[in-house]
Amino acid sequence: MALSGLDIQKLLPKTNCKECGSNTCLAFAMKLAGKKANLSECPYASDEAKGILGAASEPPVKSIGFGPEKKIKIGEETVLYRHEKTFVNQGLFAVDIGDDEAEAKIDETLAKIRDYVVVRVGKSLTVDMVSVTQRGSDPARFAALAKKAWETAKRPLVLRSKDSSALVLAAEAVKGSGSILVAATESNADALRAAAEANGHSLALSGTVDEVCALSSRLKAAGFNELVLQFATQSLAEQYQVNSLARRMAIKENYKPLGYPFLRYFESGNLLEDSAAAMVEICKYGGILVLPGFDAAQLVTLMALRLNIFTDPQKPIQVEPKLYPIGEPTAASPVFVTTNFSLTYFIVSGEIENAGTSAWLVIPECEGMSVLTAWAAGKFTGAGIAKAVKESGLDATSESKTLVIPGYVAQISGEVEENLPGWKVLVGPQDAGDIESFVKARLAG
Ligand code: SF4
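Rules used in this analysis
Residues numbered from 1 in each chain as written. Predicted model: local features only at pLDDT ≥ 70, side-chain atom pairs only at ≥ 80, totals over all residues. Core = buried A, V, L, I, M, F, W, Y, C linked by C-beta atoms within 7 Å. Buried ≥ 20, exposed ≤ 12 C-beta atoms within 10 Å, placed from the backbone. Contact = placed C-beta atoms within 7 Å. Pairing = 2+ DSSP bridges. Helix = DSSP H or I, 4+ residues; strand = E, 2+ residues; numbered from the N terminus. Right-handed = clockwise from strand over helix to strand, strands pointing away. Domains from an automatic or database assignment. Near = placed C-beta within 6 Å. Nonpolar A, V, L, I, M, F, W, Y, C, P; charged D, E, K, R; others polar. Axes fitted to C-alpha atoms, helices over the stretch in contact; angles between N-to-C directions. Parallel < 35°, antiparallel > 145°, perpendicular 65-115°, else oblique. Left-handed = near helix turned anticlockwise from the far one by under 90°.

Caption draft 1: Up close: the nonpolar core. Within the largest apolar cluster, 72 residues are counted, with the highest numbers of intra-cluster contacts made by A146, L159, A170 and L181. Sequence-distant contacts of L159, defined by excluding residues within four places in its chain, comprise V132, A146, L167, A170, A171, S179, I180, L181 and V182. In this structure, F336, A359, A386 and L420 belong to the second largest nonpolar core, which totals 35 residues.

Shown next, in the form of C-alpha cells:
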C-alpha cells in the first residue's frame, strides 16, 4: 500500500535541516510520496526508514548502470515532463559496428568513437557506448569483435545477436564491462538472464508491450532486475505512442512491469529519418539509442538536443563568476561584462575571440540567468557590475578603463558609470554575433 506524506514524515529525522533541498522534512516527505524525490537525498535517513520506505521510495523507473562500476546510469526518472522537476539520467548514445564489416572499417569506427569529443557550454560530450551486432554466423568472431570493441573504445557494449549461444559467448568475453545483451524473448530469456547475471551485464527484453511486461515480471520474480525494454513498433507515431504510454503507466500508475528504461535502434537506412526518430526518442524517454554508424553531424545534433532536454530547469548551467582573460589581455585591453549563464558566457567569449582581439571578461554573480532575465530580476545592475569590476582587481590595474556592457542593458550605462568613476562605459551590441564588427568599429587601435 502506498504511504502518505504524513506516514513518511514520521520516519524522517524531523530536524528540517534542508540538506535534501526541501525546507522541511514534511515537504520532503510529500515529495517522496509523490515520487518526486529519492530517499537517498536525505543523508540522515535511518536504516529503519530505508527499510520501510525502500520500495515505497523507489523511483518508478528503475536505475540501470553500465560500465565496470555501473556508474553510467539510465532510468531513475520520477516525472513525465521535464518542467515538473527534472529528468535525472540522460539517454546514452551507442554507435553500431557489425561483424560483417571489413576489419579496417571497424578499426576506423572504433577509433572515431573513442576519440570523439565535442565541448558545448563547458561540457565534454562523447559517445557513451559501442553497439556490436552479429550479422554473420560465427559466434567466435562476434565474441572476438566484442572484446576488441571493449578494449579499444573502453565503452560498455550493446551486444546484439539472434543467436543466444553467440550472445552468451560475447557476454563471457567482455565479463565485467557492464554491458547489455540484446535481446531476450520468451524462448531464450532464461539462458540470457543466466549469462547476464554471471558476467555482470544487463538484459534487454524485446517484443510487444504485453510480451515485454510478461517477461519483465517473470525475470524480476526470479530475482533478476537489471532490465531494459525494447518495444517492437512499426512507425514513428507508434514509437512515440508506445514510449509515452509505457512511461505514463510506470510513473503515474507505478506499474512495475514497465518501470524500466527503453532501448531502440535507428537503422532505416535514411539518415534524416533515423535522426528524426532519434530526436523523438530523446524527447520521449529514450534510455539507449543505437545509431547505425559514426556520423559526427548526426551525433552533435542529437547531443545538443539531449543536453537541452536533460538540463535541470531549476539549475541553469552556470560558469563561475570571476574575471576571465580572453586571448592574452594586458592592462591596455578593453573589458567586457556579461552574465554567468553558461550559454551567454561561451557565446560572448567565443565572439570576442573570433574578433581577433584580447580582452578581459568580467562575469558577476547573476544566478545563471541570461542578460535580460538577470536585469529584469535585479541581478545584473550597474552597482553589481561595478562591484564585480572592482573585485576583479581591474579598477586598480586597467589602463584602458573601457568597459563594454551588453546592448540589451543600455539603460544601465549611466548607473555603471556612476559606480565606476574614471571608466568609460560603451554600450556593446545586442547580438553577440555583432561583437566582431563592434570591436573593429569602436575598439580597434
Ligand atoms: S535532509 Fe532529511 S532531515 Fe534534513 S530536512 Fe531533508 S528530510 Fe529532513
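Let us keep going from here.
Caption draft 2: A look at the pairing of strand β9 (residues 202-207). Where strand β8 (residues 180-184) meets β9, 3 bridges bridge the pair, whose relative direction is parallel. Looking at the pairing, I180 lines up with S202 of β9. Regarding the hand of the β-α-β motif, the stretch spanning β8, helix α7 (residues 189-199) and β9 is right-handed. As paired elements, β9 and strand β10 (residues 227-231) share 5 bridges and run parallel to each other. Within the sheet, the bridge partner assigned to A204 lies in β10 and is V228. Once the chain exits β9 it traverses helix α8 (residues 209-221) before rejoining the sheet at β10, and the crossover so formed is right-handed.

Caption draft 3: Looking closely at the domain arrangement of the chain. Its domain assignment divides the chain into domain 1 (5-57), domain 2 (64-310) and domain 3 (323-443). For domain 1 versus domain 2, the separation of C-alpha centres amounts to 32 Å.

Caption draft 4: Fine view of the site of the ligand. Within the structure, the ligand sits among 13 residues, and C17, C20, C25, F28 and C42 are positioned closest to it. The residue makeup of the shell around the ligand, split by class, is 8 nonpolar, 3 polar and 2 charged.

Caption draft 5: Quick look at the sheet that holds strand β15 (residues 359-362). Strand order in the open sheet formed by 5 strands is β13-β15-β14-β16-β17, with mixed pairing between adjacent strands. Only two strands of the sheet have a single neighbouring strand rather than two, namely β13 (323-326) and β17 (424-427). Ignoring strand direction, the axes of neighbouring strands in this sheet form an average angle of 25°. One ladder, built from 3 bridges, connects strand β14 (residues 335-337) with β15; its direction is parallel. Paired with V335 across the strands is W360, a residue of β15. Against the sheet, helix α14 (residues 382-392) makes contact with β13, β14, β15 and β16 (402-405), and its axis sits at roughly 125° relative to β15, the strand it touches most.

Caption draft 6: The packing of helix α10 (residues 271-283) against helix α11 (residues 296-310), seen in detail. Packing of α10 against α11 leaves a shortest axis separation of 10 Å and a crossing angle of 15°. When the interaxial angle is binned, α10 and α11 end up roughly parallel. In terms of crossing hand, the pair formed by α10 and α11 is right-handed. Every residue of α11 that contacts α10 at L271, S275, A278, M279, I282 and C283 is listed here: Q298, T301, L302, L305, R306 and I309. Tallied by class, residues from the contact of α10 with α11 come to 8 nonpolar, 3 polar and 1 charged.

Caption draft 7: Up close: the pairing of strand β7 (residues 157-160). Side-chain alternation along β7 places L157 and L159 on one buried face and V158 and R160 on a second face that is also buried. Bridging between strand β6 (residues 129-133) and β7 involves 4 bridges; their strand directions are parallel. Each residue of the ladder has a partner; that of S131, found in β7, is V158. Following the backbone out of β6, through helix α5 (residues 139-153) and into the adjacent parallel β7, one traces a crossover that is right-handed. Across 3 bridges, β7 lies against β8 in parallel orientation. When the bridges of β8 are listed, V158 appears paired with I180. Once the chain exits β7 it traverses helix α6 (residues 164-173) before rejoining the sheet at β8, and the crossover so formed is right-handed.

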